[in-house]
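Fold and contact review
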Amino acid sequence: MSQELNLILLGPPGAGKGTQAARLVQDFNIPWASTGDMLRTAVAEGSELGIKAKGFMDSGALVPDELIVDLIVERVRNADSADGFLLDGYPRTIPQADALAEALQGLSRTVTAALLIELDDEEVIRRLSGRRVCTASGHGYHLDFDPPKHEGICDQDGSRLIQRDDDKPDVIKNRLEVYHAQTKPLVEYYENLGLLRRFDGSRGQTEVHDHIRAAMATLRLEETV
Ligand code: AMP
C-alpha cells in the first residue's frame, strides 16, 4: 500500500487548475509545480530557457517538449517530492506524459490520479478575457467575478493591473486550439490507465475543491483495501 499522492491536474486554460492546486497542496502537504509559472519566471529573469520559451508562449503555442521535460523530471526526483507532488500544466502532450511515467518508473512510482477540471470553450473565453494581474505582486482579479475596487489598480498594493499577453482574444483562441489538438488526447490516455477523475469546472471554486477532496478520500480508501 502506498500513501504517496503523485497528482496531475488537467483541463483547458482558465478551468481553475492554479486555484485548485493552491488549495490541494495545503490539504495534502505536497509540493506544487506549475510549468506555466516556471516558464513565466524564466521569461522575467531573461534566462536561456525564458528567451527560448517566450515566442511560443506569446503566441499561445506550447513550448517544445525538450525544453520542459527535464525541468519536470528533475522536479519529481527532488527529495521534497518523495511523498508526492502536484503538477499543474504538465503534461500537455503525450510525449510529456510518457516522459513523466518513465521518470516515475525509474523511482518505482506511478501517477496516482489525473484530475481533469472540465470547462467548455465559451466559458474559457469569458474567464480568460476578463482576467487581470497586478504588475507588482501577481495578485489576480476578474472584471466580472472579482473586480478591483478601482479600475486598473490593485486593491492590495495600488500597482497597475495588466492583461497577460496570452489572455488577449487571438491568443486565447490559439491556446484553446492547442488544448484540443495536443492536450485533450491525455484525457483518453489517463482514462485508459484507470487514473482519470473528472470535475465540473463551471461550479464555484469551493464546490470544485470539495468534489476533488471527496474523490481523493475515496482514492485513499481504495488504496487501503
Ligand atoms: P499556463 O499558465 O499553464 O497556461 O502556461 C502558459 C504557457 O506556458 C502555455 O500557453 C505554454 O506556452 C507554456 N507551457 C506551460 N506548460 C507547458 C507544458 N507542459 N508544455 C509546453 N508548454 C507549456
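To be clear, the structure that these remarks concern was listed above.
These lines cover the structure that appears in this document, whether it is placed above or below. (Residues numbered from 1 in each chain as written. Predicted model: local features only at pLDDT ≥ 70, side-chain atom pairs only at ≥ 80, totals over all residues. Heavy atoms only, no water.)

What follows deals with the sheet that holds strand β8 (residues 196-200). Here we have five strands laid out as an open sheet, ordered β2-β3-β1-β4-β8, and parallel in their pairing. In this open sheet, the two edge strands, each paired with only one partner strand, are β2 (32-34) and β8. Strand-to-strand twist in this sheet, taken as the mean axis angle between neighbours without regard to direction, amounts to 20°. Relative to the sheet, helix α2 (residues 35-45) contacts β2 and β3 (84-88), its axis offset from that of β2 by approximately 60°. (Pairing = 2+ DSSP bridges. Helix = DSSP H or I, 4+ residues; strand = E, 2+ residues; numbered from the N terminus. Axes fitted to C-alpha atoms, helices over the stretch in contact; angles between N-to-C directions. Contact = heavy atoms within 4.5 Å.)

With that out of the way, let us pick up the packing of helix α6 (residues 121-129) against helix α7 (residues 169-183). Remark: α6 packs on α7, axes separated minimally by 10 Å, with the N-to-C direction vectors making an angle of 140°. Accordingly, the angle class assigned to the pair α6 and α7 is oblique. Crossing handedness for the pair α6 and α7: right-handed. Within the contact between the two elements, α6 uses Asp121, Val124, Ile125, Leu128 and Ser129 and α7 uses Ile172, Arg175, Leu176 and His180. (Parallel < 35°, antiparallel > 145°, perpendicular 65-115°, else oblique. Left-handed = near helix turned anticlockwise from the far one by under 90°.)

Let us now look at the sheet that holds strand β7 (residues 161-162). Strand order in the open sheet formed by three strands is β6-β5-β7, with antiparallel pairing between adjacent strands. Only two strands of the sheet have a single partner each, and these edge strands are β6 (140-142) and β7. Sheet topology note: the strand β5 (residues 131-134)/β6 ladder contains three bridges and is antiparallel. Residue pairing across strands places Arg131 opposite His142, the latter belonging to β6. Here α6 sits on the sheet in contact with β5 and β6, set at roughly 30° to β5.

Below, the discussion takes up the pattern of salt bridges. Close approach of charged atoms allows side chains of opposite charge to pair. Inspection of every chain in the model, using the stated rule, returns 18 salt bridges. The salt bridge involving Arg131 is made with Asp167; its shortest N-O contact spans 3.0 Å. Taken together, the residues Arg131 in strand β5 and Asp167 in the loop between β7 and α7 connect sequence positions 36 residues apart. Taking the relative accessible area as the measure of exposure, Arg131 reaches 24% and is therefore partly exposed. Across the salt bridge formed by Arg203 and Glu207, the nearest N and O atoms sit 2.7 Å from each other. By relative accessible area, Arg203 is classed as partly exposed at 39%. Residue class for Glu207 comes out partly exposed when judged on its relative accessible area of 33%. (Salt bridge = Lys/Arg side-chain N within 4 Å of Asp/Glu carboxyl O. Buried < 20%, exposed > 50% of the residue type's maximum accessible area, 1.4 Å probe, protein only.)

Looking at the element boundaries, Arg75 is found in helix α4 (residues 65-77). Ignoring sequence-local partners within four residues, the contact set of Arg75 consists of Pro31, Ala33, Met38, Asp80 and Ser81.

Turning our eyes to something else, we now look at the site of the ligand. Taken together, 16 residues lie near the ligand, and Thr35, Arg40, Ala61, Gly89 and Gln96 sit nearest. Between an oxygen atom of the ligand and a side-chain N or O atom of Arg164, the distance comes to 3.5 Å. Side-chain polar atom of Arg175 to an oxygen atom of the ligand: 3.1 Å apart, as the coordinates give it. Contact with the protein chains removes 94% of the 480 Å² of surface that the ligand exposes when unbound. By residue number, the principal contributor to the shell around the ligand is α2, which donates four residues. For the shell around the ligand, the residue count by class is seven nonpolar, four polar and five charged. (Near = heavy atom within 4 Å. Polar contact = N/O pair within 3.5 Å; in protein donor to acceptor, adjacent residues only side chain to side chain. Areas by Shrake-Rupley, 256 points an atom, 1.4 Å probe, with all protein chains shown as cover. Nonpolar A, V, L, I, M, F, W, Y, C, P; charged D, E, K, R; others polar.)

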